[in-house]
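Architecture at a glance
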Amino acid sequence: MTSVVIPAHNEAPVLGRLLSGLLGDARPGEFDVVVVANGCTDETESVARAHGVRVLSTPVASKREALRLGDRAARGFPRLYVDADLTVSTASVRALVARLGDPGPLLAAAPERDLALAGRPWTVRAYYAIWTRLPHVRTGLFGRGVIAVTEAGNDRIRALPPVMADDLAASLAFGEDERVVVAEARAGIQTPRTFADLLRRRVRAATSVSELERETGPGGPSARTSLGDLVLMAAREPWLLPAAAVFTCVTVLARRRARRAVRAGDYTTWLRDESSRAPGS
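Residues numbered from 1 in each chain as written. Predicted model: local features only at pLDDT ≥ 70, side-chain atom pairs only at ≥ 80, totals over all residues. Heavy atoms only, no water.

In the annotation of an unreviewed UniProt entry, the entry for the protein chain reads 4,4'-diaponeurosporenoate glycosyltransferase, and the organism field reads Microbispora bryophytorum. Comment text from UniProt for the protein chain, heading Pathway (unreviewed entry), reads "Carotenoid biosynthesis; staphyloxanthin biosynthesis; staphyloxanthin from farnesyl diphosphate: step 4/5." (UniProt positions renumbered as here; feature names shortened; annotations may be inferred.)

If you want it as structure tokens, here you go:
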């Protein structure tokens with residue numbers, strides 16, 4: 001049995017969309033789905049129960065705590081960790097599970113990203129034009145909202161320190177021959193609808209990367225974008241120069257705004273993008 005753990009904090013507007021796609025073509029008993037409602041003040045639990053999945057509840061509004069509770073309750077492997085604000089189909093889950101069943105050293109898999117960019121400001125579209133071309137973004141498992149692991153892969157993740165950038169830490173925990181992005185699997189991901197929400201996301205990312213680097217120590221794995229990455233990209237595709245300027249500005253602003261949280265050691269404040277959870281997103 002494949003287990004799917006979904007941490008959900010006030011995700012009533014979008015959770016039904018995820019569960020409908022995930023379970024749409026599933027056979028009875030094929031997926032063991034656990035929704036962990038953490039610190040919810042909306043109808044998240046009711047939405048989950050209406051889809052016939054198992055629901056756990058905790059008053060603690062913490063993704064870390066939700067993942068821990070869901071992991072303890074999950075029954076099978078491969079095991080998927082899925083963000084509540086995206087979409088993924090039954091077929092995509094099966095593709096991930098099938099790939100992890102192949103002979104070899106694979107421990108973790110993730111889907112390709114289908115980024116929703118229609119109707120977004122040009123600054124948001126420009127940022128993602130660069131971000132999606134970065135080498136570590138193309139091959140990493142982070143930023144996809146779905147990570148599938150074998151039992152051995154799960155052991156690797158459980159040994160990681162608890163950090164805000166849980167998906168980045170999980171991605172960096174696996175070697176190139178141990179992780180794979182599966183082209184046949186797709187995750188529909190909502191991007192921010194405003195520049196302010198994009199910046200909020202990137203401040204959170206900058207803070208969480210600093211926390212991860214603090215935990216791993218000097219010389220540990222990282223996923224920071226270098227100036228060299230941008231120069232090479234612009235040299236290959238000169239038309240991306242304006243987008244590269246937007247990307248650089250967002251990155252600099254985000255790192256500056258993250259300094260206060262980093263100095264204070266505040267790695268728990270979750271700057272959430274509410275625009276991508278608006279009805280109709």
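Attention shifts here to the packing of helix H5 (residues 122–131) against helix H11 (residues 241–264). Relative orientation and spacing of two packed helices are given, respectively, by the angle between their axes and the distance between those axes. Remark: H5 packs on H11, axes separated minimally by 8 Å, with the N-to-C direction vectors making an angle of 95°. In this view, H5 runs roughly perpendicular relative to H11, as classed from their interaxial angle. Facing H5, whose interface residues are Trp-122, Thr-123, Ala-126, Tyr-127, Ala-129, Ile-130 and Trp-131, H11 presents Ala-243, Ala-244, Val-246, Phe-247 and Val-250. Here the contact of H5 with H11 is composed, by residue class, of eleven nonpolar, one polar and no charged. (Axes fitted to C-alpha atoms, helices over the stretch in contact; angles between N-to-C directions. Helix = DSSP H or I, 4+ residues; strand = E, 2+ residues; numbered from the N terminus. Parallel < 35°, antiparallel > 145°, perpendicular 65-115°, else oblique. Contact = heavy atoms within 4.5 Å. Nonpolar A, V, L, I, M, F, W, Y, C, P; charged D, E, K, R; others polar.)

This part covers the pairing of strand S7 (residues 146–149). Walk down a regular strand and you will see the side chains alternate between the two sheet faces. A two-sided burial pattern is seen for S7, the buried positions comprising Val-146 and Ala-148 on one face and Ile-147 and Val-149 on the other. Judged from the four bridges that link them, strand S4 (residues 79–82) and S7 form a sheet pairing that is antiparallel. Bridge pairing in S7 links Tyr-81 to Ile-147. As defined by bridge partners, strand S6 (residues 108–116) adjoins S7 across two bridges and the pair is classed as antiparallel. (Buried < 20%, exposed > 50% of the residue type's maximum accessible area, 1.4 Å probe, protein only. Pairing = 2+ DSSP bridges.)

Moving on, we get to the pattern of salt bridges. This structure, assessed with the given rule, holds 16 salt bridges. The residue Arg-200 makes a salt bridge to Asp-197 at a minimum N-O spacing of 2.5 Å. Here Asp-197 and Arg-200 lie together in helix H9 (residues 195–216), a separation of three residues that amounts to about one turn. A relative accessible area of 32% places Arg-200 in the partly exposed class. (Salt bridge = Lys/Arg side-chain N within 4 Å of Asp/Glu carboxyl O.)

Attention now moves to the nonpolar core. Ranked by size, the top nonpolar core spans 32 residues in total, and within it Ile-6, Leu-15, Leu-19, Val-33, Val-35 and Val-82 carry the most contacts. Elements represented by at least two residues in this core include exactly strand S1 (2–8), helix H1 (12–23), strand S2 (31–38), helix H2 (44–50), S4, helix H4 (90–100), S7 and strand S8 (179–190). Counting 30 residues, the second largest nonpolar core, distinct from the first, contains Tyr-127, Ala-129, Phe-247 and Ala-254. (Core = buried A, V, L, I, M, F, W, Y, C linked by side-chain atoms within 4.5 Å.)

So, about the environment of Pro-59. One can find Pro-59 in the loop between strand S3 (54–58) and helix H3 (63–73). The class for Pro-59 is exposed, based on a relative accessible area of 78%. Pro-59 sits 117 residues away from Glu-176 along the chain, and the two C-alpha atoms are 38 Å apart.

A few words on the packing of aromatic side chains. Evaluation of the coordinates by the stated rule reveals three aromatic pairs. Between the aromatic rings of Tyr-127 and Tyr-128, the centroid separation amounts to 5.5 Å while the plane-to-plane angle is 80°, which identifies the pairing as edge-to-face. A residue is classified by how much of its surface remains accessible, and Tyr-127, at 2% relative accessible area, is buried. On the accessibility criterion, Tyr-128 (7% relative accessible area) is buried. Seen from their ring centres, Tyr-128 and Trp-131 are 5.7 Å apart, and the 85° between their planes marks the pair as edge-to-face. (Phe/Tyr/Trp six-rings, centres within 6.5 Å; stacked < 30°, edge-to-face > 60°.)

A separate point is a positive patch on the surface. Taken together, the side chains of Arg-256, Arg-259, Arg-260 and Arg-263 make up a positively charged region of the molecular surface. You can see Arg-263 is positioned in helix H11. (Patch = residues over 30% accessible without salt bridge, like charges linked within 9 Å, V, L, I, M, F, W, Y side chains within 5 Å. Areas by Shrake-Rupley, 256 points an atom, 1.4 Å probe, with all protein chains shown as cover. Lys, Arg positive; Asp, Glu negative; His and termini not counted. Charge placed at Lys NZ, Arg CZ, Asp CG, Glu CD.)

In this section: the UniProt feature "domain: Glycosyltransferase 2-like" (unreviewed entry) in the protein chain. Taking the UniProt record as the reference, the feature "domain: Glycosyltransferase 2-like" (unreviewed entry) is found at residues 3–111. Helix makes up 38% of residues 3–111 and strand makes up 27%, while its end C-alpha atoms are separated by 16 Å.

A few words on helix H10 (residues 227–236). Among the residues making up H10, those that are buried are Leu-230, Met-233 and Ala-234. Along the long axis of H10, the arc covered by the buried residues comes to 95°, so they all point the same way. Exposed and facing more than 90 degrees away from the buried side of H10 are Val-231, Leu-232, Ala-235 and Arg-236. The inward-facing, buried residues of H10 abut H5 and H11. (Arc of directions from axis to C-beta.)

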